[in-house]
Amino acid sequence: VTAIDLKSRVREVQDFPEPGIGFKDIAPLLLDPDALKQTVGDLAAWTLERTPDLVLGAEARGFWLGAAIAVEAGCGFVPARRPGKLPPETVTARYLLEYGENALEVASNAISQGARVVIHDDVLATGGTVEAIAGLVEQLGGHVVGINFVIELSFLEGRKRLGGYDIFSLIEY
Amino acid sequence: VDPARLRAEIRFVGGHADVWRLFDDVNLLRDLAAALVDPFRGRPTKVAGIESRGFILGTAAALELGVGFVPIRKADGLFPGPKAVAVTEVDYRGNRHELRLQRAALDAGDQVLLVDDWIETGSQARAAKSLIEACGANLLGVAVVVRQLAEEETAGLGTQHWLIASDQLDPSERA
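Residues numbered from 1 in each chain as written. Chains lettered and ligands numbered in written order. Predicted model: local features only at pLDDT ≥ 70, side-chain atom pairs only at ≥ 80, totals over all residues. Heavy atoms only, no water.

**A look at the overall build of chain B**
Line of reasoning, step 1. When you go through chain B residue by residue, the secondary structure sums to four helices and nine strands.
Line of reasoning, step 2. Shown N-terminal to C-terminal, the secondary structure of chain B runs as helices and strands in the order α-β-β-α-β-α-β-β-β-β-α-β-β.
Line of reasoning, step 3. Taking 175 residues into account, the globule formula puts the C-alpha radius of gyration at 16 Å, and chain B, at 16 Å, falls close to it.
Line of reasoning, step 4. Dimensions along the principal axes, computed over C-alpha positions, put chain B at roughly 45 × 35 × 35 Å.
Line of reasoning, step 5. Taken across its 175 residues, chain B has 54% of its residues classed as buried.
Line of reasoning, step 6. Only carbon and sulfur atoms are counted for the fraction: they give 47% of the accessible area of chain B, which is about 6,900 Å².
Line of reasoning, step 7. Each charge class in chain B was averaged separately, 20 positive and 25 negative side chains, and the resulting centres sit 3 Å apart. (Helix = DSSP H or I, 4+ residues; strand = E, 2+ residues; numbered from the N terminus. Rg over C-alpha atoms; globule rule 2.2 N^0.38 Å. Buried < 20%, exposed > 50% of the residue type's maximum accessible area, 1.4 Å probe, protein only. Areas by Shrake-Rupley, 256 points an atom, 1.4 Å probe, with all protein chains shown as cover. Lys, Arg positive; Asp, Glu negative; His and termini not counted. Charge placed at Lys NZ, Arg CZ, Asp CG, Glu CD.)

This is the structure we're talking about:
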């Protein structure tokens, strides 16, 4: 079976959400069963090689594939959620976005001391979100053994910001 | 999936159900995805999930069925293109949510299975149904882990499938 060119399943939307920005919409990739299977399979294969105990996905778009990658890689799934949505106790990270501030929480008991964690998100842009999540994992005593993405916007140099981590993306712009 | 396993994993914290233990055990996660879709195999052409917890089991269920996944998003996420939009009835917290579905995601005649971890009042499922129908597709049914909904509230939501009823859960708080 020939591999699908996954980039062909990403819809580029010009001037969204702002003039001059080209938004990468992966909804068409989720909609194509073969592309979905290949995407999850490729990310899970990379994940499996890092022998993690858990895959952590960030709300909301990191939930699209995070649990499916975990199932395929044979490990559990843990979420990072927006504030106030997880039962107590949690740890919280605040981080800056291009416009404003955001925060994410992880349940304190979700990551045990020494747990090996792979973080998944849909897009690597500036890297601020996953950098904050990685900090939470480490605060709880876990090890970030890899971070993977469907898409990497390499011109934003997120990989440089996440320099200390093992990074993988399937589709590069 | 053995209901005793669900009783053990879904516990209450501060009066709210904590469903996250369902997902941190890979064997349970895998079994849930299969059990949710089992009665529907061969019939759905797409699986839909509502932001954000509905995304988790939704994609796993779509992979299990070998069909595509359709996200239904709330008001604030980036979601480009022409969309159908519906506002839910008031939920158990007294909130209304705007739900959105990209029109390009569904074709006329698509048979859509809605997957979630919990159905409480059905307000979101009814809004999802109106979005699906606005695209010319059909809501085949709803598959959830926990069903809280009364029988009469499921009218028009297609085939209902659930793994445990909420009154079968252990109501005591997690230690």
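**Remarks on the packing of aromatic side chains**
Line of reasoning, step 1. For the coordinates displayed, the defined rule picks out seven aromatic pairs over all chains.
Line of reasoning, step 2. The interplanar angle of 85° and the centroid separation of 5.9 Å between the aromatic rings of Phe63(A) and Phe77(A) together place this pair among those described as edge-to-face. With a gap of 14 residues between them, Phe63(A) in helix H3 (residues 62-73) and Phe77(A) in strand S4 (residues 76-80) connect regions that are remote in the sequence.
Line of reasoning, step 3. Through a chain of ring-to-ring contacts, three or more aromatic side chains come together here, namely Phe63(A), Phe77(A), Trp20(B) and Phe23(B).
Line of reasoning, step 4. For Lys24(A), the ring lying beneath its charged end belongs to Tyr173(A), and the centroid distance is 4.8 Å.
Line of reasoning, step 5. Over the ring of Phe79(B) we find Arg73(B); its NZ or CZ atom is 5.9 Å from the centre of that ring. (Phe/Tyr/Trp six-rings, centres within 6.5 Å; stacked < 30°, edge-to-face > 60°. Lys NZ or Arg CZ within 6 Å of the ring centre and 35° of its normal.)

**Quick word on the interface of chain A and chain B**
Line of reasoning, step 1. Residue-level contacts link 36 residues of chain A with 34 residues of chain B.
Line of reasoning, step 2. Summed over the shared surface of chain A and chain B, the result is zero salt bridges.
Line of reasoning, step 3. Along the contact surface separating chain A from chain B lie seven residue pairs in polar contact (both at pLDDT 80 or more).
Line of reasoning, step 4. Of all the secondary-structure elements, those providing two or more residues to the side of chain A that touches chain B are strand S1 (11-14), strand S2 (22-25), helix H1 (27-31), helix H2 (33-49), H3 and S4 of chain A.
Line of reasoning, step 5. Take the side of chain A that touches chain B: its biggest share by element is seven residues, from H3(A).
Line of reasoning, step 6. Classifying every residue of the side of chain A that touches chain B gives 26 nonpolar, three polar and seven charged. (Contact = heavy atoms within 4.5 Å. Salt bridge = Lys/Arg side-chain N within 4 Å of Asp/Glu carboxyl O. Polar contact = N/O pair within 3.5 Å; in protein donor to acceptor, adjacent residues only side chain to side chain. Nonpolar A, V, L, I, M, F, W, Y, C, P; charged D, E, K, R; others polar.)

**Description of the sheet that holds strand S3 (residues 54-58) of chain A**
Residues and elements named next belong to chain A.
Line of reasoning, step 1. Taken in spatial order, the five strands line up as S4-S3-S7-S8-S9 in an open sheet, and their pairing is parallel. Both outer strands of the open sheet, S4 and strand S9 (167-172), are each paired with one neighbouring strand and no more. Averaged over all pairs of adjacent strands, the angle between their axes in this sheet comes to 20°, without regard to strand direction.
Line of reasoning, step 2. Pairing geometry for strand S7 (residues 116-124) and strand S8 (residues 143-152), over eight bridges, is parallel. Paired with Val118 across the two strands is Gly146, which belongs to S8.
Line of reasoning, step 3. Of the strands in this sheet, S3, S7, S8 and S9 touch H2, which is tilted by about 155° from S8. (Pairing = 2+ DSSP bridges. Axes fitted to C-alpha atoms, helices over the stretch in contact; angles between N-to-C directions.)

**Regarding the environment of Val67(B)**
Line of reasoning, step 1. Assignment of secondary structure puts Val67(B) in the loop between helix H3 (53-65) and strand S4 (68-72).
Line of reasoning, step 2. Val67(B) sits 22 residues away from Thr45(B) along the chain, and the two C-alpha atoms are 5.9 Å apart.
Line of reasoning, step 3. Apart from residues lying up to four places away in sequence, Val67(B) is in contact with Pro33(A), Leu36(A), Pro44(B), Thr45(B), Lys46(B), Val47(B) and Ala62(B).

**Thoughts on the environment of Gly122(B)**
All names here are of chain B.
Line of reasoning, step 1. Position of Gly122 among the secondary structure elements: in the loop between strand S7 (111-119) and helix H4 (123-134).
Line of reasoning, step 2. Overall, Gly122 belongs to the buried group, its relative accessible area being 4%.
Line of reasoning, step 3. Each C-alpha atom, one on Gly122 and one on Glu153, is 7.0 Å from the other, the two residues being 31 residues apart in sequence.

**Points about the pairing of strand S3 (residues 46-50) of chain B**
Residues and elements named next belong to chain B.
Line of reasoning, step 1. Extensive coverage of S3 is indicated by the burial of five of its five residues.
Line of reasoning, step 2. Relative to S4, S3 runs parallel, the two sharing five bridges. By the bridge assignment for S4, Ile50 is matched with Ile72.
Line of reasoning, step 3. At this point the chain moves from S3, through H3, to the parallel S4, and the crossover so formed is right-handed.
Line of reasoning, step 4. Bridging between S3 and S7 involves three bridges; their strand directions are parallel. Along S7, the bridge assignment pairs Lys46 with Val112. (Right-handed = clockwise from strand over helix to strand, strands pointing away.)

**Notes on the sheet that holds strand S9 (residues 159-165) of chain B**
All names here are of chain B.
Line of reasoning, step 1. Read from one edge of the open sheet, five strands run S4-S3-S7-S8-S9, paired in parallel fashion. Two strands lie at the open edges of the sheet, namely S4 and S9, each paired on one side alone. Looking at each pair of strands side by side, their axes are set apart by 20° on average, direction ignored.
Line of reasoning, step 2. As judged from the eight bridges shared by S7 and strand S8 (residues 138-147), these two strands associate in the parallel manner. When the sheet's bridge partners are listed, Val112 is paired in S8 with Leu139.
Line of reasoning, step 3. The strands touched by H3 are S3, S4, S7 and S8; relative to S7, the strand with the most contacts, the crossing angle is about 135°.

**Focus on the pattern of salt bridges**
Pairs may arise between side chains of opposite charge once their charged atoms sit close together.
Residues and elements named next belong to chain A.
Line of reasoning, step 1. A complete count under the given rule lists 22 salt bridges over all chains for this structure.
Line of reasoning, step 2. Ionic pairing is found between Asp32 and Arg9, a salt bridge with its closest N-O pair at 2.6 Å. Of this pair, Asp32 sits in the loop between H1 and H2 while Arg9 sits in the segment before S1, and the two are 23 residues apart along the sequence.
Line of reasoning, step 3. On the accessibility criterion, Asp32 (16% relative accessible area) is buried.
Line of reasoning, step 4. Overlapping salt bridges bring together Glu59, Arg81, Arg82 and Lys85 as one network.

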